[in-house]
Amino acid sequence: MFLNIFNFFILKKKIILSLVLLVTFKFYSQDPKATGSNKENKYSVSIHYTGNLRNNNFVSDNYNGIAGIDAKYNLYSNADLSIQAGLGLDYFKAREIGYQLDLKNSLMINPNIGIVLEVNKVFKPFFNLGYSFFTAKYTIQQSYVFINPSDPGFNTIPNTLKYNFDSLSINPGFRLFMDKNLYFQTDYKYLPIKSNINAHLISIGFGLSF
């Protein structure tokens with residue numbers, strides 16, 4: 001019980017830190033010296049499917065990407081480009097590993113900042129750099145076997161563990177605008193977690209600029 005409360009506060013802390021970064025970017029963007037020509041739409045929000053490509057390591061082989069949401073705020077813009085600060089949330093479903101290892105679902109939190117090229121009114125490629133917070137939590141069932149398995153002394157004692165796979169995130173992609181506000185988005189996210197552990201995420205979804 002105490003461990004679950006502690007994990008909740010750790011997750012809440014990560015989200016709050018990410019939101020603080022966004023608010024800081026927003027205040028900076030309101031400085032007249034820091035902004036360029038203003039665009040009508042300052043915010044954008046998209047929802048997407050998240051695909052986690054298999055890559056023979058713990059993160060890629062043990063989680064299915066489900067869905068995510070991205071929120072962006074326009075810090076600076078001119079006729080050629082825009083600079084945006086964002087926060088991404090991606091939900092991953094744990095794959096079943098075995099009887100003794102119960103892997104939990106996970107939420108990845110990804111504050112980021114990036115540049116959007118204003119190629120034309122329809123096609124707008126972008127490139128984001130950020131940092132992803134990703135924690136794997138699992139329970140190991142430790143069996144204590146006595147003489148008779150049917151005896152009450154035969155039971156399993158769960159041991160909950162967690163491991164952080166936090167990492168830099170490299171995220172190119174593009175948007176195709178169907179009108180002034182609605183767009184299709186696809187992107188690729190690379191997480192170089194460790195020398196022998198990395199993740200490749202593919203996202204496809206739709207967004208709204210306002």
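Data block above holds the structure.
Just so you know, these numbers come straight off a predicted model, no measurement behind them.

As a further point, take unusual backbone geometry. Positive phi is not limited to glycine here, since Asn-56 has a value of about 55 degrees. Looking at where Asn-56 falls in the secondary structure, it is placed in the loop between β1 (43-52) and α2 (58-62).

We now examine the environment of Gln-185. Structurally, Gln-185 is set in strand β10 (residues 182-191). Distance in space between the C-alpha atoms of Gln-185 and Lys-124 is 9.5 Å, their sequence separation being 61 residues. Residue contacts for Gln-185: discarding those within four places in its chain leaves Ser-46, Asp-70, Phe-126, Phe-174, Arg-175, Ser-203, Ile-204 and Gly-205. A distance of 3.0 Å separates the side chain of Gln-185 from the side chain of Arg-175, its partner in a polar contact. At 3.4 Å, the side chain of Gln-185 forms a polar contact with the side chain of Asp-187.

Time to look at the pattern of salt bridges. This structure, assessed with the given rule, holds four salt bridges. Two residues, Arg-54 and Asp-61, come together in a salt bridge whose shortest N-O distance is 3.2 Å. Given a relative accessible area of 55%, Arg-54 falls into the exposed group. Asp-90 is paired through a salt bridge with Lys-189; the nearest N and O atoms lie 3.8 Å apart. Within this pair, whereas Asp-90 is found in strand β3 (residues 81-94), its partner Lys-189 is found in strand β10, the two being separated by 99 residues in sequence. As far as burial versus exposure is concerned, Asp-90 and Lys-189 are alike and both buried.

As enumerated under the stated definition, the model contains eleven aromatic pairs in all. Judged by centre distance (6.4 Å) and plane angle (55 degrees), the ring pair of Phe-58 and Tyr-138 falls under tilted. Of this pair, Phe-58 sits in helix α2 while Tyr-138 sits in strand β7 (residues 135-144), placing them 80 residues apart in sequence. Consider the rings of Tyr-163 and Phe-165, whose centres lie 4.9 Å apart with planes at 55 degrees: the pair is tilted. Taking the relative accessible area as the measure of exposure, Tyr-163 reaches 37% and is therefore partly exposed. Note on Phe-165: relative accessible area 4%, which makes it buried. Every member of this aromatic cluster is reached through a ring pair, and the members are Phe-58, Tyr-138, Tyr-163 and Phe-165. Above the face of the Phe-126 ring, Arg-175 is positioned so that its terminal group lies 5.2 Å from the ring centre.

Moving on: the side chain of Ser-203. With respect to the element layout, Ser-203 can be found in strand β11 (residues 199-209). Owing to a relative accessible area of 6%, Ser-203 belongs among the buried residues under this scheme. For Ser-203, the contacting residues outside a window of four places in its chain are His-48, Tyr-49, Thr-50, Gln-185, Thr-186 and Asp-187.

Moving on, we come to the nonpolar core. One finds Val-59, Tyr-63, Phe-134 and Phe-165 to be the most contacted residues of the largest nonpolar core, which totals 15 residues. Every element with two or more residues in this core is listed here: β3, β7 and β11. Look past the residues within four positions of Val-59 in its chain and what remains in contact with it is Asn-52, Phe-134, Phe-165, Ile-193, Ile-197 and Ala-199.

Criteria and thresholds
- Residues numbered from 1 in each chain as written.
- Predicted model: local features only at pLDDT ≥ 70, side-chain atom pairs only at ≥ 80, totals over all residues.
- Heavy atoms only, no water.
- Helix = DSSP H or I, 4+ residues; strand = E, 2+ residues; numbered from the N terminus.
- Contact = heavy atoms within 4.5 Å.
- Polar contact = N/O pair within 3.5 Å; in protein donor to acceptor, adjacent residues only side chain to side chain.
- Salt bridge = Lys/Arg side-chain N within 4 Å of Asp/Glu carboxyl O.
- Buried < 20%, exposed > 50% of the residue type's maximum accessible area, 1.4 Å probe, protein only.
- Phe/Tyr/Trp six-rings, centres within 6.5 Å; stacked < 30°, edge-to-face > 60°.
- Lys NZ or Arg CZ within 6 Å of the ring centre and 35° of its normal.
- Core = buried A, V, L, I, M, F, W, Y, C linked by side-chain atoms within 4.5 Å.

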